Each structure stands twice: as C-alpha cells, then as structure tokens.
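# Structural characterization, general
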Amino acid sequence: MKIEKNKNAMNHQPHIIQEQEAVFKIGEIKGRTVHYDFAKIIDYLNYKGKILFGQQFKIYDQDLPLLYKLIIHFIKDEPTCKKYGLDPSKGILLSGPVGCGKTTLMRLLKHIKPHISNYAVVPCRDIVFEFNKKGYEVIEKYGNSNMYCFDDLGVEAKGKHFGADCNVLGEILLSRYELFVKARKLTYVTTNLNAKEIEERYGARVRSRMRQLFNLVAFEKETTDKRC
C-alpha cells in the first residue's frame, strides 16, 4: 500500500517509528514517496496498543478490513481511498456498537504518523461538563483551528450555562464545518448513533454538514463487545 509524498525527506523518516528500544520500519521511501506496508503497520499497532492499553490489547482479525480503510485514509493513499469510496480531504465518522473498539482505534491510529501534528481525542461528555462551567467560550475553543476527535458523540447531555440550554456538540460541529470550508481542517468523531438518531438529536442541518465533513466508516452491527 502507498502513498504519501515526503515533502521533508531530508529531515524526516516517516516510515520509521521508534518506541522505547524497538524500531518499526512500516514502509519504504522510493524517491520522495513513502510506500507503506499494511502488515508492518499492524505489527506496530499491536505493539503500541499494548503500551497504551495494557498487555491484553490485540487487534482482532475481524477488524482488519475496517482498519485497512482507516489506515489508507490516514496515510492519504488517494487511489486506494477512491477505490473504497473515501475522500482523504475529509475527516472520519467512526460508528459502531458499544465496546467494539472505536475509541481505542482512534487513540491508536494517530501514532502511525508521529512526524506530523495530530488530533486530540476528547470525550463529548467532558466537553459538555466544560461548557456548563465556562459557557460559550468552550464552543469557540473546539471550533478553532486545532484538530480533534470528538469521542462518543451522542452520550453527552445537553449543556446548560446560566439557565440557558445548548446543544453543545451540535454547535461545535457547525463551527467545525465552517473551519473545514475555510481552512480544510479535519475533524474526527466516534459514535454509537446511526444517521437517523444523529438527525433526531442534532437536527437536519448538522446531519447535512456532517455528510460534507466526514467519511463514514462503520463496524458491523454484529461486532462483539471487546470489553466483556
């Protein structure tokens, strides 16, 4: 699998990742292009996952097709993305049942490209708690030019600040859409909700903007709870 143009080839080795005393070569540089190796990326992610989440962590074979889609998006393999109906200029909406591993994967995948700045994973519940304390500056904070993964969209309560209700994540997603249009800044989301539930909770306008913000990547409905 390929491809990523290595614009700073003299300064970086994006195909080589060092973790403690281990070194992972997850691809080859040919000219000014990085050609990534899916199997080697999986080996690295299994290793990194144990560091982040404990020795019980493992990547399940049943998740490899979904993981392949996520990886080709992260490495910007445009021809393969096109084959799978993905747009690398958009973010990712990762959906699936409770416990299938959405949050884990989004916390893990950003490490395959440590040579660039990347997104922070922020629970939606925490954002609403922050809004309840600080008010509308929180919507401005998460609507800024930084990259975020909003984790567990739909489990958060409505925000309330000085007696005024606010659909906090709905407002933030509208702000992220404006940022995407102006500056092509990406946003990532994990959720248990389906499209109908998203519209019921956040409204038709937000759902419409989300279609333009995100590629939808979904676990199978039958995916088992890995926390059991």
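Quick notes on the rules
Residue numbers run consecutively from 1 along every chain, following the written order of its sequence. Where local features are concerned, this predicted model is filtered to residues with pLDDT of at least 70; where side-chain atom pairs are given and counted, the filter is 80 or more; whole-chain, interface and lining totals use all residues. As a rule here, side-chain values come from all non-hydrogen atoms in the structure, and water together with hydrogens is ignored. Strands here mean DSSP runs of E at least two residues long; helices mean DSSP runs of H or I at least four residues long; both are numbered from the N terminus. Radius of gyration means the value over C-alpha atoms here, while the globule rule gives 2.2 Å times the residue count to the 0.38 power. Each residue gets one of three labels from its accessible area relative to the maximum for its type: buried under 20%, exposed over 50%, partly exposed in between, using a 1.4 Å probe on protein chains only. Remark: nonpolar core denotes a set of buried residues (Ala, Val, Leu, Ile, Met, Phe, Trp, Tyr, Cys) joined through side-chain atoms within 4.5 Å. By the criterion applied in these results, polar contacts are pairs of N or O atoms within 3.5 Å in which, for protein atoms, one can donate a hydrogen and the other can accept it, and in which residues neighboring in sequence qualify only through two side-chain atoms. Working rule for contacts: check all heavy atoms of both residues, and any pair within 4.5 Å makes them a contact. A pair is scored as a salt bridge if a Lys or Arg side-chain nitrogen falls within 4 Å of a carboxyl oxygen belonging to Asp or Glu.

## Topic: the overall build of the protein
Within the protein one finds nine helices and 12 strands. Taken over C-alpha atoms, the radius of gyration comes to 18 Å for the protein, in line with the 17 Å a tight globule of 228 residues would show. The principal-axis extent of the C-alpha atoms belonging to the protein is close to 55 × 40 × 35 Å. For the protein, with 228 residues in total, the buried portion stands at 46%.

## Section: unusual backbone geometry
Unlike most non-glycine residues, Lys 76 shows phi in positive territory, near 60°. Along the polypeptide, Lys 76 turns up in the loop between helix H2 (64–74) and helix H3 (78–83). For Lys 76, a relative accessible area of 27% corresponds to the partly exposed category. A positive phi angle, near 55°, is found at Arg 184, a position not held by glycine. Note on placement: Arg 184 falls in the loop between helix H7 (168–183) and strand E11 (187–191).

## Observations regarding the nonpolar core
Counting residues in hydrophobic clusters, the biggest one holds 65 residues, and the most contacted among them are Leu 45 and Ile 71. If you tally residues by element for this core, the top one is H7, at seven residues.

## Some thoughts on the side chain of Glu 130
As for its placement among the helices and strands, Glu 130 is situated in helix H5 (residues 124–134). A polar atom in the side chain of Glu 130 sits 2.9 Å from the side chain of Tyr 142. In this structure, Glu 130 is in contact with Gly 135, Val 138, Lys 141 and Tyr 142, ignoring residues within four places of it in sequence.

## Considering the pattern of salt bridges
Opposite charge on two side chains permits them to pair, given that their charged atoms come into close proximity. Taken as a whole and assessed by the stated rule, the structure comprises seven salt bridges. Taking the shortest distance from any N to any O, the salt bridge between Lys 141 and Glu 130 comes out at 2.8 Å. In this pair, Lys 141 sits in helix H6 (residues 137–142) while Glu 130 sits in helix H5, placing the two residues 11 residues apart along the sequence. A residue is classified by how much of its surface remains accessible, and Lys 141, at 35% relative accessible area, is partly exposed. Residue classification places Glu 130 among the buried positions, given a relative accessible area of 13%.

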